[in-house]
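Listed here are the chains, written in short residue letters.
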Amino acid sequence: MAKARVQFVCQNCGTVHNRWAGKCDSCGEWNTLVEEGTSSGIGAGPALMRNARKGRAVALTSLDGDIEDAPRIISGISELDRATGGGFVRGSALLIGGDPGIGKSTLLTQAAAALARQDHRIVYVSGEEAVAQIRLRAQRLGVADCSVELAAETNVEDILATISDGKRPDLVIIDSIQTLWTDMADSAPGTVTQVRSSAQALIRYAKQTGAAVVLVGHVTKEGQIAGPRVVEHMVDGVLYFEGEGGHHYRVLRTVKNRFGPTDEIGVFEMSDKGLREVANPSELFLGERNDKAPGAAVFAGMEGTRPVLVEIQALVAASSLGTPRRAVVGWDSSRLSMILAVLESHCGVRFGQHDVYLNVAGGYRISEPAADIAVAAALVSSLAGIALPADCVYFGEISLSGAVRNVAHTVQRIKEAQKLGFNQAVAPGGSSELWKDKSFSLSETKALAELVAELAAKAAAEKNR
Ligand code: TYD
Ligand code: MG
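All values derive from a computational prediction rather than experimental measurement.

Caption draft 1: Quick look at the pairing of strand S17 (residues 326-329). As paired elements, S17 and strand S18 (residues 354-360) share four bridges and run parallel to each other. Its bridge partner being in S18, alanine 327 is matched across the sheet by tyrosine 357. Read as a crossover between parallel neighbours, the route from S17 over helix H8 (residues 333-347) to S18 is left-handed.

Caption draft 2: Main features of the pattern of salt bridges. Following the criterion strictly, the structure yields 14 salt bridges and no others. Across the salt bridge formed by glutamate 269 and arginine 276, the nearest N and O atoms sit 2.3 Å from each other. Several salt bridges converge on common partners, so that one network encompasses Glu79, Arg82 and Lys419.

Caption draft 3: Representation of the environment of valine 393. Here valine 393 shows up in strand S19 (residues 392-394). The sequence separation of valine 393 and glutamine 424 amounts to 31 residues, and the corresponding C-alpha distance is 6.5 Å.

Caption draft 4: Up close: the site of ligand 1. With respect to spatial proximity, 16 residues lie near ligand 1, and among them Gly101, Ser105, Thr106, Ser271 and Gly274 are the closest. In the environment of ligand 1, an oxygen atom lies 3.4 Å from a nitrogen or oxygen atom belonging to the backbone of isoleucine 102. Taken by itself ligand 1 offers 560 Å² of open surface, and the protein chains cover 74% of this. The set of elements that each furnish at least two residues to the shell around ligand 1 consists of helix H2 (104-117), helix H3 (131-141) and strand S13 (265-271). Each residue belonging to the shell around ligand 1 can be placed in one class, and the counts come to four nonpolar, six polar and six charged.

Caption draft 5: Geometry of the environment of isoleucine 122. Positionally, isoleucine 122 belongs in strand S7 (residues 122-126). Overall, isoleucine 122 belongs to the buried group, its relative accessible area being 0%. Each C-alpha atom, one on isoleucine 122 and one on isoleucine 163, is 9.8 Å from the other, the two residues being 41 residues apart in sequence. Among residues more than four places away in sequence, those in contact with isoleucine 122 are Ala112, Leu115, Ala116, Val148, Glu149, Leu171 and Ile173.

Caption draft 6: Summary view of the sheet that holds strand S12 (residues 249-257). If you trace the nine strands from one edge of the open sheet to the other, you get S8-S7-S9-S10-S6-S11-S12-S13-S14, paired in mixed fashion. Two strands close off the open sheet at either side, each with one partner strand: strand S8 (149-152) and strand S14 (274-277). Here the strands of the sheet are splayed against their neighbours by 25° on average, with no regard to which way each runs. Where S7 lies against strand S9 (residues 171-175), five bridges are found, and the strand directions are parallel.

Caption draft 7: Fine view of the nonpolar core. With 62 residues, the main nonpolar core has Leu343, Leu379, Tyr394 and Leu448 as its most contacted residues. Per-element tally for this core: the top contributor is helix H9 (residues 372-384), with eight residues. Lining this core are residues from two domains, each supplying at least three of them: domain 2 (72-279) and domain 3 (284-464). Sequence-distant contacts of tyrosine 394, defined by excluding residues within four places in its chain, comprise Ala297, Val298, Phe299, Ala300, Ile373, Ala374, Ala377, Leu388, Pro389, Val426 and Leu451. Residues Leu80, Tyr124, Leu171 and Leu275 belong to the second largest nonpolar core, which totals 33 residues.

Caption draft 8: Inspection of H3 at higher detail. Buried within H3 we find Ile134, Arg137, Ala138 and Leu141. Here the buried residues of H3 occupy an arc of 100° about the axis, which is enough to place them on one side. Across H3 from its buried face, at more than 90 degrees, point the exposed residues Ala132, Arg135, Leu136, Gln139 and Arg140. Those residues of H3 hidden inside the fold are in contact with H2, S7, S8 and S14. Following H3 by one or two positions, glycine 142 adopts a phi angle in the positive range, close to 70°.

Rules used in this analysis
- Residues numbered from 1 in each chain as written.
- Chains lettered and ligands numbered in written order.
- Predicted model: local features only at pLDDT ≥ 70, side-chain atom pairs only at ≥ 80, totals over all residues.
- Heavy atoms only, no water.
- Pairing = 2+ DSSP bridges.
- Helix = DSSP H or I, 4+ residues; strand = E, 2+ residues; numbered from the N terminus.
- Right-handed = clockwise from strand over helix to strand, strands pointing away.
- Salt bridge = Lys/Arg side-chain N within 4 Å of Asp/Glu carboxyl O.
- Near = heavy atom within 4 Å.
- Polar contact = N/O pair within 3.5 Å; in protein donor to acceptor, adjacent residues only side chain to side chain.
- Areas by Shrake-Rupley, 256 points an atom, 1.4 Å probe, with all protein chains shown as cover.
- Nonpolar A, V, L, I, M, F, W, Y, C, P; charged D, E, K, R; others polar.
- Buried < 20%, exposed > 50% of the residue type's maximum accessible area, 1.4 Å probe, protein only.
- Contact = heavy atoms within 4.5 Å.
- Axes fitted to C-alpha atoms, helices over the stretch in contact; angles between N-to-C directions.
- Core = buried A, V, L, I, M, F, W, Y, C linked by side-chain atoms within 4.5 Å.
- Domains from an automatic or database assignment.
- Arc of directions from axis to C-beta.

Put into structure tokens, the structure is as follows:
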């Protein structure tokens, strides 16, 4: 008999190794290899081929055909519906990721209650909390009277048997995917194989019955859904629920959506009675900003495929040192030197006698060259001592010749800025061809000198007043 082969699966990236090692060669993470059997899950295959059956022919069909009347179930929580692209799609699986304690269970309890009030059958399965704890939360949220069906269970086969009983549920919420285990895989709960097999079983259920399934996933320190990124590929939609430590606002971001746009965000505020929708998020984001202070510019950036608005703060102060200081937090220091050089040689702005400090607010790190013009605006604003317009965002790459170059995702950046309450943008030339909405004014800047001249004129006018 063949020796039972074991293999080691990286819990971070899912790579299969034949031998144990302290570090995964594929993703470089330490201590992530876990021994898993090969009888099922990843690596299962040839051994099971002996009892493989002959394939059955399936009926092929056409694109044009019957679909269910209401393909989406709308929760009525408009920020959530916006992020899902107009409601949960029947027969789809959605993954919601987020840090522990960010409010995923709270959001889903509120969504479940709102849907149950519209006479949908909603099943909430928690593998993390006991029924009493969920009830306690529901009481706190004031939704304890809703007809949400509740279970505390972690075995996938049991869950499927439970929800297949009676009328088909409209929405099944699984909190969280990492706690599930299935009889089909023989490794421990939380391992890649278990998470993948469990997700597969639930997604199959969703596709077969037409119920919408929402899976909650934990996020690692690096901000990825813990364990298998593969689950992200299997589901129809991925949402991230994010928030800043010490702040009350939460942002629900669409990362993947097979049935809608991925550039949407929903904004909430955590209160003592659960999550409150924030219809005008700019109050929250701008509330912490001192928009009268010189040296601050808002950069409309992109993080991967997601738009983010970040404040860039600059302080230019007279220096008593022979070699003035240049200190940067959250950005590339050689890039700063480049911007300073371009400002000096093409725009006549002198920094030789000044210390320059640059900080990206909120602990962000920007790697995009599109931040160049925001940095330049913050530097000039600090040097001239005049504040930039509070409702303006900046984006564009600066070349060594002083020209402002185009960057990708113009529309997404402006859309995010508009959503967050900004009314104007300083953008590279040609942007207005992409953005036609006149309520948001675009000032196209082809050369950095134009922006500097504008700021200098403003500073002079202020001085004469
Ligand atoms: P929870 O939904 O349990 O987070 P997750 O499921 O993402 O781990 O939310 C936990 C946090 O939310 C907890 O720190 C308490 C806070 N909270 C409120 O501030 N108000 C509320 O009404 C509720 C229910 C929770
Ligand atoms: Mg939870």
